[in-house]
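Spelled out from the first residue to the last, the chains are:
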Amino acid sequence: VYFELLSHLSENSTPEQSVVDVCGLIAKIWQEKMQAEHCAVYALNPGVLIIEGAVQLQADTEASVFLVDRTDDPQADPSCGSAVELPLGFSVVPAGETHRWFFEQVAPMFDILRCLIIPLRCGSEVVGGLLWQGANSPATYQGEMVELQAFAAGAALAIKQAQRQEEKTKLSEQLAQTNSQLHEAQRKL
């Protein structure tokens, strides 16, 4: 099932997709294939306390996007370089208190007691999280950790690629604006 998820992600990803589009795709794939009631995927930027992502509530609808600014949140620790505290290594864990921001600001319809999370890491960097509401406990997934980790790595890579593309686009726009200002200054001289 997890390699089918990864294959579906690979087939439907394009370099032009935004970060929230990629998060929405991952959430939709996870909800459909894993038969989760609700699913959300979010992306983090290193050192920034702003979280963007997508929530998939019903299988036959589009994911809704969200942006959460945690710069004024006393629970967010900017010194750790991330807006979210996730477990070290790879694991499936209950979302719990570390994701209260999500349940309060994004999806109050999720049942905090039934939500699980998988950290999405690209190398040693945490790029986001996959959070879903289902009937299973974390222990249910223990025999599938290698497959889960492979999917999580693919999802993290897709998010990281989208982040890099957005950064590249932003830098290109800034360069074009600077170049335009230079031409205008030269014209005036």
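Residues numbered from 1 in each chain as written. Predicted model: local features only at pLDDT ≥ 70, side-chain atom pairs only at ≥ 80, totals over all residues. Heavy atoms only, no water.

A. Region of interest: the side chain of H99. Relative to the helices and strands, H99 is located in the loop between β4 (93-94) and α3 (100-105). The exposure class assigned to H99 is buried, which follows from its relative accessible area of 0%. Within the structure, the side chain of H99 is placed 2.6 Å from the side chain of Y42, a separation counted as a polar contact. Of the polar contacts made by the side chain of H99, one reaches the side chain of T98; its length is 3.0 Å. (Helix = DSSP H or I, 4+ residues; strand = E, 2+ residues; numbered from the N terminus. Buried < 20%, exposed > 50% of the residue type's maximum accessible area, 1.4 Å probe, protein only. Polar contact = N/O pair within 3.5 Å; in protein donor to acceptor, adjacent residues only side chain to side chain.)

B. Quick look at a nonpolar patch on the surface. A contiguous nonpolar surface patch, about 250 Å² in accessible area, is contributed by V48, I50 and L67. When you line up the elements, I50 lands in strand β2 (residues 50-56). On the accessibility criterion, I50 (32% relative accessible area) is partly exposed. (Patch = residues over 30% accessible without salt bridge, like charges linked within 9 Å, V, L, I, M, F, W, Y side chains within 5 Å. Areas by Shrake-Rupley, 256 points an atom, 1.4 Å probe, with all protein chains shown as cover. Salt bridge = Lys/Arg side-chain N within 4 Å of Asp/Glu carboxyl O.)

C. Broad picture of the pairing of strand β6 (residues 125-133). Most of β6 is tucked away, with 7 of its 9 residues classed as buried. With 6 bridges connecting them, strand β1 (residues 38-43) and β6 associate as antiparallel partners. In the strand pairing of β6, C39 is matched with W132. Where strand β5 (residues 115-122) meets β6, 8 bridges bridge the pair, whose relative direction is antiparallel. When the sheet's bridge partners are listed, R121 is paired in β6 with V126. Linking β5 to β6, which pair antiparallel, is a turn of 2 residues; within it G123 sits at a positive phi near 70°. (Pairing = 2+ DSSP bridges.)

D. Highlighting the packing of aromatic side chains. Counted under the stated rule, the structure contains 8 aromatic pairs. Judged by centre distance (5.7 Å) and plane angle (90°), the ring pair of W132 and Y141 falls under edge-to-face. Residue classification places W132 among the buried positions, given a relative accessible area of 2%. Members of the aromatic cluster, each reached through a chain of ring pairs, are Y42, F66, W101, F102, F103 and F110. (Phe/Tyr/Trp six-rings, centres within 6.5 Å; stacked < 30°, edge-to-face > 60°.)

E. Structural view of helix α2 (residues 19-34). Along its 16 residues, α2 runs 22 Å from first to last C-alpha, staying within 8% of the 22 Å computed at 1.5 Å per residue. All buried positions along α2 are accounted for by V19, V20, V22, C23, G24, L25, I26, A27, I29, W30 and Q31. The first or second residue beyond α2 is Q35, which carries a positive phi of 55°. (Expected span 1.5 Å × (residues − 1).)

F. Highlighting the sheet that holds β4. On the basis of which strands lie adjacent, the open sheet formed by 6 strands has the order β3-β2-β1-β6-β5-β4 and antiparallel pairing. The sheet terminates laterally at β3 (64-69) and β4, the two strands that pair on one side only. Most of the contacts of α2 go to β2, to which it runs at about 35°, and overall it touches β1, β2, β3, β5 and β6. Lying on the sheet, helix α4 (residues 145-188) is in contact with β1, β2, β5 and β6; it crosses β5 at an angle near 60°. (Contact = heavy atoms within 4.5 Å. Axes fitted to C-alpha atoms, helices over the stretch in contact; angles between N-to-C directions.)

G. Spotlight on the side chain of Q56. Along the polypeptide, Q56 turns up in strand β2. Among the residues examined, Q56 registers a relative accessible area of 0% and is labelled buried. For Q56, the side chain forms a polar contact with the main-chain oxygen of T61, separated by 2.8 Å. Residues contacting Q56, with those up to four places away along its chain left out, are G24, A27, K28, Q31, H38, C39, T61, E62 and A63.

H. Geometry of the nonpolar core. Ranked by size, the top nonpolar core spans 33 residues in total, and within it I26, W30, L120, L130, W132 and I159 carry the most contacts. At the level of secondary structure, the elements contributing two or more residues to this core comprise α1 (2-12), α2, β1, β5, β6 and α4. If one sorts the elements of this core by residue count, α4 sits on top with 9 residues. The contacts of W132, once residues within four sequence positions are left out, are W30, A36, H38, C39, V92, R114, C115, L116, I117, I118 and Y141. (Core = buried A, V, L, I, M, F, W, Y, C linked by side-chain atoms within 4.5 Å.)

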